[in-house]
Number of protein chains: 2
Amino acid sequence: MRTWELSVPLDEASPTPLFVQIARALAEDIRRGRLKPGAPLPGSRALATTLHVHRNTVLAAYQELEAQGWISTAPARGTFVSTALPDVEPPARSEAPRARSLDSVGFPLDPPLESREPVDFPRGALVLTGGSPDVRLLPVEVLARAWRRAFKLGGQRLLDYAGPQGHPRLRAALAHMLASVRGLAATPDSLLVTRGSQGALYLAARALVRPGERIAVEALGYRPAWEAFRSVGAQLVPIPIDGEGIRVDRLETAARQGIRAVYLTPHHQYPTTVTLSPARRLTLLAWARAAGSALIEDDYDHEFHYDGRPVLPLASADRDNVVIYVGTLSKVLAPGLRVGFLFAPIPLIRCAASIRAVVDRQGDLVAEYALAELLEEGELQRHVRKMRGVYRSRRDALVEALRKELPDALEFSIPAGGMTLWARCAPGLDAAAWSERARDMGVWFSHGGQYTFDGQPFSALRLGFAGLKETELREAVRRMARARPRR
Amino acid sequence: MRTWELSVPLDEASPTPLFVQIARALAEDIRRGRLKPGAPLPGSRALATTLHVHRNTVLAAYQELEAQGWISTAPARGTFVSTALPDVEPPARSEAPRARSLDSVGFPLDPPLESREPVDFPRGALVLTGGSPDVRLLPVEVLARAWRRAFKLGGQRLLDYAGPQGHPRLRAALAHMLASVRGLAATPDSLLVTRGSQGALYLAARALVRPGERIAVEALGYRPAWEAFRSVGAQLVPIPIDGEGIRVDRLETAARQGIRAVYLTPHHQYPTTVTLSPARRLTLLAWARAAGSALIEDDYDHEFHYDGRPVLPLASADRDNVVIYVGTLSKVLAPGLRVGFLFAPIPLIRCAASIRAVVDRQGDLVAEYALAELLEEGELQRHVRKMRGVYRSRRDALVEALRKELPDALEFSIPAGGMTLWARCAPGLDAAAWSERARDMGVWFSHGGQYTFDGQPFSALRLGFAGLKETELREAVRRMARARPRR
């Protein structure tokens, strides 16, 4: 035999089968020019002996290499490196194949978008950062049963390709729900099922905005929506808010250069929780009609209203088809289910659905079918009713604890709904520093600066109460009081 | 009582509760100026009598309107239209509220993207249009069990917010699978779980391309990928293909103006099914390194290779971190599960994950957890092995039927893998007309013109054999023979 030796030691412990390791090493040798086109290869028996492997392993490697065209077998003559390969570079001296590092990239690449990776909270942390439901109270068994029924009754059809707009049964159930509890004249045609409200906001923005066009946003607001708008090339225009919600009068000034859309959270303004006043609702709708602007209404937590009934959405008073309504099941059920929706005039829905087909083709029909059944059978509504009571008690417990432990530090209105409380700090109290110090005591909450458009500090706290039990909330507030920075 | 009358007749049959109907009608009357700010409203008892509803219904409507700020109640004095409303227009004569039409839109809007809604095939149709698996053979019970276990074992944590990259357990299982059967040195860090391969292609394109930059594509190829690239502003450059795959020599010419990426299907070229030759693979990798271009390798049906072993991906020979590898579970399991992935150098994965966070925040962790378990337990691999045998027999049945029924009409090579057969038509045979006539006989297949970059006719057929039983394939080919256009 020749003196050629396989230049990669085989690794018995690797998940990569030996025949693949051999084939790759041989291909690499051919690529590097250590084995030239037309050169004979050792017989399978000889190579098996050299490598201490079974002959079948070598045969499998040769078969692989032949299928890839690296080598060819001439009956009775043996196996040879294919002559149809291009010239390859001569091997550099002492160049040994290395394990490949994936830490660099062989082409130009922009940096990632600004990241908001979820925090990996330490075990036992009391987390008030989110406006999320308490997943510990989810009826997991009910969900599991709904999925099982979807697989069983919906069967194989749910696992095939489908249209981009969402399962008709879920759209029908959502339309019914929106008509009966939110005063919206929704039809299955005017609904697009999306991947959560984030997916809805992204698709709406893509449908509306050409790069450079302007979207007005609340100057204290929801950053992930802003990121979606920016990512499609929108210029954002911050509009101040006050105790009645977005300052519609300021919108009129800002609109002189043209505003493609206004993004707002009229029900419980994010993050301040105030409800947009009726006067402003009317003015806003009239302004949008006159300006030819769309209103993107994010009604993320409609069902959670504790004092009186929820205020009906802006979309319910829209007579001019200017409102694009964004909803989600993330708050009423669970964020991880990733089901949200757009309700809008049909031309907008068609446009957003065509973009959806390009972005990720279609939704998960098994999940959509299962959720339709949960809506039809009232399971979701039952869960909401139960949670509304739970969250109201938690809100009250938080309010009581704050009044007891921090009477002079915070000023707030009791939120009429939602899952969070917004509190202004007493003069001189540094909200960011407080939040930082509280983390060391195992309590996590957000401060106002995390919601300002310009990133400037804002002396307020946002306390999410829905995810913690009353005892946990009381303990959290006790620790907050201890963590409070002294001047 | 005053002469004011509620201007909307109540609809007992509507899904909208009566109190909501009343509240909306009153609000509408206020909006239209029929009820002026400060005007007194009828007492609840009187209005209930007038409207023939229970008094509680009127009270609920008033509560709703008060919560919304339309009206206010003065103890002992009664209920009044709020005086904090803006001036509203005088009512137009005989303007009655109408059911709202959602067919128009109150702001400028671009038309939808070119649509590819899935066809609703007539019942009993023999469908050879797709390269899809046979969903009738899916182990639905195995899937249902995996989801049930995910809900049970994964529990509430899977239903919460999470990072955008995909469940670590699924990424680990995919990395192991890619290392052991596809020769890829994948790690969980170098993988991004996506919504099918469409989601992977969209995110890769968004990460790579700035508007106006160029992506080279195969001139006969996969239109949904082109649509994704175009939607992010890419200019597409078609590169001819031949019996060895994409013409790399032509790429070099086209690249004079700069090519950001090449999108290709090296394993089974879409739609011609040829495998990219080893010589071209080497040249292409060397070219990409020199040009600083990315190679987007779409390996959509790696496992389905029938003669010999699958050729290892281009990515397995990539020493310069230029390949972005796109995979999917749509073919090995089911399209409707919407799970695909990107394997690429880590900076690209980080960038694509940051875009994913904006597009739809995160994946469906329940599905990801369930699929991880199916991979770990070898269920998916068992299903693939079984299907490989089934599809091979179907391929052979199709080949035999075509040779028997259409010996002089088509010219084809037996596809070594994949789920489709590509056949050139004999001279003078109009593929599009044939496909059209076959539909009338209940047989659906695609013709070459559906895959050409310029939309020009191309005299070939694409026959998907994986989704039909052997008897169905034979019947389909018999009908094809009858539908064949005569000159």
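Going along each chain's sequence as written, the residues are numbered from 1 onward. A letter from A marks each chain and a number from 1 marks each ligand, given out in the order of writing. Only residues with pLDDT of at least 70 are given local features in this predicted model, and only at 80 or more are side-chain atom pairs given and counted; all residues enter the totals for whole chains, interfaces and linings. As a rule here, side-chain values cover all heavy atoms of the structure and leave hydrogens and water aside.

Before going further, it helps to examine the overall build of chain A. When you go through chain A residue by residue, the secondary structure sums to 14 helices and 17 strands. The globule rule used for comparison is 2.2 Å times the number of residues to the exponent 0.38, while the radius of gyration itself is calculated over C-alpha atoms. A compact globule built from 487 residues would reach a C-alpha radius of gyration of about 23 Å, whereas chain A, at 30 Å, exceeds it by more than 25%. Taken over the C-alpha atoms alone, chain A extends approximately 90 × 55 × 50 Å along its principal axes. Looking at chain A as a whole, 60% of its 487 residues qualify as buried. Note on contacts: a residue pair is in contact if any heavy atoms of the two residues lie within 4.5 Å. Across chain A, the fraction of contacts at a sequence separation of at least 24, relative to all contacts at a separation of at least 6, is 71%. Method for areas: the Shrake-Rupley scheme with a 1.4 Å probe, in which residue coverage is limited to the protein chains shown. Split by element, the accessible area of chain A, about 19,600 Å² in all, is 50% carbon and sulfur. Runs of E in the DSSP output that reach at least two residues are strands. Runs of H or I that reach at least four are helices, and both are numbered from the N terminus. A simple rule labels every residue: compare its accessible area, found with a 1.4 Å probe on the protein chains alone, to the largest value its type can have, and call it buried under 20%, exposed over 50%, or partly exposed in between.

Further remarks concern the side chain of A:R182. Residues and elements named next belong to chain A. For R182, the position within the fold is in helix α5 (residues 168-182). Of the polar contacts made by the side chain of R182, one reaches the side chain of Y325; its length is 2.7 Å. Not counting residues up to four positions away in its chain, the partners in contact with R182 are M177, D299, H302, E303, L312, P313, S316, Y325 and F341. Pairs of N or O atoms within 3.5 Å make up the polar contacts considered here, provided that, within protein, one atom can donate a hydrogen while the other can accept it, and that residues adjacent in sequence are counted only when both atoms are side-chain atoms.

All names here are of chain B. Only strands joined by at least two bridges in the DSSP assignment are considered to pair. An order of β13-β14-β17-β16 is seen for the 4 strands of this open sheet, with the pairing classed as antiparallel. At either margin of the open sheet sits one strand with a lone partner, and together these are β13 (410-411) and β16 (446-447). Sheet analysis places β13 next to strand β14 (residues 420-425), joined by 2 bridges and oriented antiparallel. Bridge pairing links L410 to C425 in β14.

So, about the side chain of A:D299. Residue and element names in this part refer to chain A. Along the chain, D299 turns up in the loop between β10 (294-298) and β11 (323-328). For the buried D299, which has no salt bridge, the nearest side chain bearing the opposite charge is R182, at an N-O separation of 4.0 Å. Within the structure, D299 has its side chain in polar contact with the side chain of H302 (distance 2.8 Å). Contacts of D299, omitting those with residues within four sequence positions, involve R182, H267, P313, Y325, V326 and G327. For this count, His and the chain ends are skipped, Lys and Arg are scored as positive, and Asp and Glu as negative. A pair is scored as a salt bridge if a Lys or Arg side-chain nitrogen falls within 4 Å of a carboxyl oxygen belonging to Asp or Glu.

The next thing to look at is the interface of chain B and chain A. Opposite the 123 residues of chain B that make contact, chain A presents 122 residues. Summed over both partners, the accessible area (1.4 Å probe) lost when two parts come together is defined as the buried area. Both faces considered, chain B and chain A share a buried interface measuring about 10,900 Å² in area, 59% of it formed by carbon and sulfur atoms. One can count 2 salt bridges joining chain B with chain A. The salt bridge involving A:D110 is made with B:R210; its shortest N-O contact spans 2.5 Å. Viewed at the interface, chain A and chain B are joined by 28 residue pairs in polar contact (both at pLDDT 80 or more). Of all the secondary-structure elements, those providing two or more residues to the side of chain B that touches chain A are α1 (18-32), α3 (55-68), α4 (140-154), α5 (168-182), α6 (196-208), α7 (223-231), α9 (278-291) and α10 (346-359) of chain B.

Between chain B and chain A, the superposition needs a rotation of 180° and an axial shift of 0.0 Å, giving an RMSD of 0.1 Å. The superposition of one copy onto the other is thereby described by a two-fold rotation axis. The share of interface residues of chain B whose copies in chain A are also at the interface is 99%, consistent with both copies meeting through the same surface. When the copies are overlaid, the least-squares fit takes in C-alpha atoms only where the residue has pLDDT of at least 70 in both copies.

Moving on, we come to the sheet that holds strand β9 (residues 261-264) of chain A. All names here are of chain A. As summarised here, the arrangement of the 7 strands in space is β4-β12-β11-β10-β9-β5-β6, forming an open sheet in which the pairing is mixed. Bordering the open sheet on either side are β4 (191-194) and β6 (235-239), each of which pairs with just one other strand. With direction set aside, neighbouring strand axes in the sheet form an average angle of 20°. Sheet topology places β4 next to strand β12 (residues 340-343); 4 bridges connect them, and they run antiparallel. In the sheet register, L191 faces β12, and the bridge partner there is F343. Along the sheet, α5 contacts β4, β11 and β12; its crossing angle with β4, the most-contacted strand, is approximately 110°. Contacts between helix α9 (residues 278-291) and the sheet are confined to β9, β10 and β11, with β10 contributing the most and set at about 140° to the helix. Angles shown run from 0 to 180 degrees and are taken between the N-to-C directions of axes, each axis being a line fitted to C-alpha atoms and, for helices, limited to the stretch in contact.

Right, let's talk about the domain arrangement of chain A for a bit. Start and end positions for the domains come from either an automated domain assignment or a database one. Under the domain assignment, chain A is made up of domain 1 (3-81), domain 2 (126-133 + 382-483) and domain 3 (139-378). Here the C-alpha centroids of domain 1 of chain A and domain 2 of chain A sit 65 Å apart.

This part takes up the packing of aromatic side chains. Residues and elements named next belong to chain A. We call Phe, Tyr and Trp rings a pair once their centres come within 6.5 Å, taking the six-membered ring for Trp, and we label the pair stacked below 30 degrees between planes, edge-to-face above 60, and tilted otherwise. One pass over the full model with this rule turns up 26 aromatic pairs over all chains. Taken together, a centroid distance of 5.9 Å and an interplanar angle of 80° make the contact between Y270 and Y300 edge-to-face. Residue Y270 is found in the loop between β9 and α9, and its partner Y300 is found in the loop between β10 and β11; the two are separated by 30 residues along the sequence. Across the pair, Y300 and Y270 agree in class, each one buried. The structure contains a cluster of three or more aromatic residues connected by ring pairs, namely Y222, Y270, Y300, W422, Y451 and F458. Any Lys NZ or Arg CZ that is within 6 Å of a ring centre and within 35 degrees of that ring's normal is treated as a charge sitting over the ring. When the ring centre of Y369 is taken as reference, the NZ or CZ atom of R169 above it lies at 4.6 Å.

Quick look at a positive patch on the surface now. Candidate patch residues must exceed 30% relative accessible area and have no salt bridge, after which like charges are joined if within 9 Å and Val, Leu, Ile, Met, Phe, Trp or Tyr side chains if within 5 Å. Where a charge sits is defined by one atom per residue type, namely NZ (Lys), CZ (Arg), CG (Asp) or CD (Glu). Residues A:R145, A:R148, A:K152, B:R145, B:R148 and B:K152 make up a contiguous surface patch of positive charge. Contributing elements (two or more residues each) for the positive patch: α4 (140-154) of chain A together with α4 of chain B. Position of A:K152 relative to the elements: it lies in helix α4.

Helix-helix packing is characterised by the crossing angle of the two axes and by the distance between the axes. All names here are of chain A. Viewed as axis vectors pointing N to C, helix α2 (residues 44-51) and helix α3 (residues 55-68) meet at an angle of 115°, and their least axial separation amounts to 8 Å. Between α2 and α3 the crossing geometry is right-handed. Together, S44, R45, L47 and A48 of α2 and R55, V58, L59 and Y62 of α3 make up the contact between the two elements. Side-chain classes are defined by residue name, with Ala, Val, Leu, Ile, Met, Phe, Trp, Tyr, Cys and Pro counting as nonpolar, Asp, Glu, Lys and Arg as charged, and the others, Gly among them, as polar. For the contact of α2 with α3, the residue count by class is 5 nonpolar, 1 polar and 2 charged. The hand of a helix crossing depends on one turn: near helix anticlockwise from the far one by less than a right angle means left-handed, and clockwise means right-handed.

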